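Inside the fold
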Amino acid sequence: MSIKLQQEHNSSPGHIQLSDKGGERVFLAETFYISNKKNTVFQVRLTDKGLCLRKESGSGVKEQTILLVDIIGCRCLRSKRRGHGGSACACSALPGPAQLKVVEANSGEQDESDASAYLYIYAYILKRSRRGGRRERTTITLRFRSFDKYDDNNREAQKWRTAIKALINDEIPKTPTYTPTDARKLLVLLNPKSGSGKAREVFQQRVAPIFVEAELPFELHVTKRANYAREFVRTRDIFSYRGIVVVGGDGIYFEVINGMLERTDWERALDEVNVGVIPCGSGNGLARSIAHIYGEPYEPKPVLGATLTVIRGRSTTMDLVRVETKSQIMYSFLSIGWGLISDIDIESERLRAIGGQRFTLWSVHRLISLRTYQGRVSYLPATQMVVTNGGEKQFDGSFGRVSGSMMRHSLSYNTALDCPDCHGDGDCETCDTGFGDVLSLETSTGVDSFRPRLDSWYSATSRKSAYYSTAESIYRSVHEKSSQGGSGGDNETESHQMFGPASKIPALTTPVPDTWTTIEGDFVMVHAAYQTHLSTDCHFATSAKLNDGIIWLCIIRGGVSRSQLLTFLLGLSSGTHIPTPQNEFIKMIPVQAFRIEPTSGGPPGCVTVDGERVEYGPIQGEIFRDVANVMVPAQS
């Protein structure tokens, strides 16, 4: 969608100002009109809420606000010189979509006869509907042409750009030119083998163009072996970046978190460096959980919402679980599993090429050939609860928090217009804006008329796309030499010292305290989760939060019927799988810590941490609150 407005030739230029109007702070105001509707006037205001478009015409007055939270960036451009000797008159109407070409002012291709300055504002507007929501890309074009000289018009356009940039970065507009408060690059670590192996293409076609619109400089590194991201984060100066973003699945996020905890300055790293995720894997449990908790539309375009989250740079604290096995310590952000779900996750790897559907297919197979495992499960219940006014039980979350005295590292070694939602019946929030006649004027060339395209990995600095690009963005080849001079083989693994908050529970080699609850017997599955979703369509722990200090331990005992198990699996997609308290075979228990001890000599099975297979045997975990910082969507 594109909105193009043109400044009145005799209007007074806008100025940065502070005034109150209807409870909102107005910073800039200007009069514009649509090129082919001279009797329609738009009063455009930039306020602390967003960009307000007030349409005044013979049919009445309508108003729409593009919220600041939906605007990602803006840039000032100039019309491009026409190729066949024609030139645009400075007082001519706004060129139509087929004629208007814009370039940077210093590109050498600008049309000197057109003194207009064009401000492109990029927004991704959240459209709500009965069936959820979606984000719609909208480009607002403001043409400034009050003066006879380009420099004067550009000065006005730059004033608007400066104010918009400041406001979307939670700053008050003060200066006539925009200077980024944080000029550091974003570190992007991309796993080309995640999911169905299309992460490169996804980043190039759907992520990088949006980074360019937001003028967000980035440095891209493509992983070339297992634990490449872990080594990178452990050994490099990560404080020189504004944040870290992983493009891939939960596996590469696991590498980054554990790489940070292998640093001697792990406390500072976790406290100062925000980590975001753009989902390109098969499961994408963390990305799906973040979108669910913050009400951000996920399907059918999960990459879009995650990319906008990264651009905004907002963050919140996230719990981590300290995991101990017989031979290593690690930290987990998603889940720990033994039995059915872990078997499905690992054994379906042979079907990775089909993406997330591999889980569904293997679930059917594993349900038919059901396995049970002998062992013992112990846990420390999360007993600290309060009752809300509504009668619902909630945890006060005081346990598991890393306090100042606890923050000492432990050591371990060897470790809108044509709405598809209502089909034009006008009865939904998506299309109820009243701006249909305005928006439709510019939709004939499609949504992506002025969307930047990246032709190759290097096109962010190529001549063809230079006007859209961020010159500081860097691409690192997959053939780059390892910083440690290693051989770079796929099976290359090293043991490094693991730091982190000190454990408060007994070591794995010692008995659990009497205050713990212990269950022995046959188990179909034991799965501990601390995010709402284990994968895109697995709504596992419906009450989980990012930082509530709770592990949700799901225990399915041997003897459960296949019909009960089928009902459980079918309910995972909608979150309706939670059994009643009377169900003796399936339990969902909130805990602070747990231990799983498979019986030695039993049938081989899978134990997973964040979807990655670990050694089969005893494993335990305890939760620590507010340890890491994760990027989350901005709230309006």
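For the structure, check the block above.
This report concerns the structure included in the present document. Nothing here was measured: the structure is a model prediction, and the numbers come from that model. (Residues numbered from 1 in each chain as written. Predicted model: local features only at pLDDT ≥ 70, side-chain atom pairs only at ≥ 80, totals over all residues. Heavy atoms only, no water.)

Attention shifts here to the overall build of the protein. Check the secondary structure of the protein and you find 11 helices and 29 strands. Approximately 27,100 Å² of the protein is accessible, and the part contributed by carbon and sulfur atoms is 48%. (Helix = DSSP H or I, 4+ residues; strand = E, 2+ residues; numbered from the N terminus. Areas by Shrake-Rupley, 256 points an atom, 1.4 Å probe, with all protein chains shown as cover.)

A few words on helix 7 (residues 302-312). One turn of an α-helix holds 3.6 residues; hence residues three or four places apart share an orientation. Among the 11 residues of helix 7, 11 are classified as buried, and the element is accordingly described as predominantly covered. Those residues of helix 7 that fall on the buried side of the exposure criterion are Pro302, Val303, Leu304, Gly305, Ala306, Thr307, Leu308, Thr309, Val310, Ile311 and Arg312. Of the residues one or two after helix 7, Gly313 is the one with positive phi, at around 75°. (Buried < 20%, exposed > 50% of the residue type's maximum accessible area, 1.4 Å probe, protein only.)

Scanning the model with the defined rule gives 11 aromatic pairs in all. Arranged with centres 5.5 Å apart and planes meeting at 85°, the rings of Phe32 and Phe144 form a pair that is edge-to-face. Highlighted residues: Phe32 in strand 3 (residues 24-34) and Phe144 in strand 10 (residues 132-144), separated in sequence by 112 residues. Given a relative accessible area of 0%, Phe32 falls into the buried group. An angle of 80° between the planes, with centres 5.6 Å apart, marks the rings of Phe203 and Phe218 as edge-to-face. Pair noted here: Phe203 is in helix 2 (residues 199-213) and Phe218 is in strand 12 (residues 218-222), with a separation of 15 residues, a long-range link. Exposure class is identical for Phe203 and Phe218. Each is buried. (Phe/Tyr/Trp six-rings, centres within 6.5 Å; stacked < 30°, edge-to-face > 60°.)

In this approach a probe as big as a water molecule rolls over the atoms, and the regions it shows empty are the leftover space. Taken as a whole, the second largest pocket holds about 760 Å³ of empty space. Taken together, 30 residues line the second largest pocket, and the ones lying closest to its centre are Asn169, Tyr178, Asp182, Leu216 and Arg242. For the lining of the second largest pocket, the elements supplying multiple residues, two or more each, are strand 7 (71-79), helix 1 (150-168) and helix 7. Counted by class, the lining of the second largest pocket contains 13 nonpolar, seven polar and 10 charged residues. (1 Å grid on protein atoms, 1.4 Å probe; cavity = no way out; pocket = protein on both sides within 12 Å on 5 of 7 lines; lining within 4 Å. Points joined across faces, edges and corners; volume = space filled by probe spheres on them. Nonpolar A, V, L, I, M, F, W, Y, C, P; charged D, E, K, R; others polar.)

This part takes up the side chain of Gln531. Residue placement: Gln531 occurs in the loop between strand 22 (517-529) and strand 23 (533-535). In contact with Gln531, other than residues within four places in its own chain, are Leu286, Ser289, Met318, Phe333, Leu334, Ala541, Ala544 and Leu546. (Contact = heavy atoms within 4.5 Å.)

In contact at an axis separation of 7 Å, helix 3 (residues 228-235) and helix 4 (residues 250-260) are set at 30° when each is read in the N-to-C sense. As far as their axial angle goes, helix 4 and helix 3 are roughly parallel. The two elements helix 3 and helix 4 cross, and the hand of that crossing is right-handed. Contact residues: helix 3 offers Tyr228, Ala229, Arg230, Val233 and Arg234, while helix 4 offers Ile252, Phe254, Glu255, Val256, Asn258, Gly259 and Met260. (Axes fitted to C-alpha atoms, helices over the stretch in contact; angles between N-to-C directions. Parallel < 35°, antiparallel > 145°, perpendicular 65-115°, else oblique. Left-handed = near helix turned anticlockwise from the far one by under 90°.)

Turning our eyes to something else, we now look at the pattern of salt bridges. As enumerated under the stated definition, the model contains 25 salt bridges in all. The salt bridge involving Arg314 is made with Asp170; its shortest N-O contact spans 2.9 Å. Here the residue Arg314 occupies a position in the loop between helix 7 and strand 15 (315-325), and Asp170 occupies one in the loop between helix 1 and strand 11 (186-190), the gap between them amounting to 144 residues. Taking the relative accessible area as the measure of exposure, Arg314 reaches 25% and is therefore partly exposed. Classification of Asp170 as exposed rests on a relative accessible area of 57%. Linking Arg230 and Glu262 is a salt bridge whose minimum nitrogen-to-oxygen distance equals 2.9 Å. With Arg230 in helix 3 and Glu262 in the loop between helix 4 and helix 5 (266-272), this residue pair connects regions lying 32 residues apart in the sequence. A residue is classified by how much of its surface remains accessible, and Arg230, at 11% relative accessible area, is buried. Residues joined by salt bridges that share partners form a network here, namely Glu24, Arg45, Arg54, Glu56 and Glu63. (Salt bridge = Lys/Arg side-chain N within 4 Å of Asp/Glu carboxyl O.)

In this section: the side chain of Glu231. Note that Glu231 resides in helix 3. Taking relative accessible area as the criterion, Glu231 reaches 10% and is therefore assigned buried.

Let us now look at unusual backbone geometry. Geometrically, the link from Glu299 to Pro300 is a cis peptide bond, its omega value of 5° lying close to zero. Within the secondary structure, Pro300 is located in the loop between helix 6 (285-294) and helix 7. The phi torsion at Asn284 lies on the positive side, around 60°, for a residue other than glycine.

Interpretation in functional terms is not warranted from these geometric data alone.
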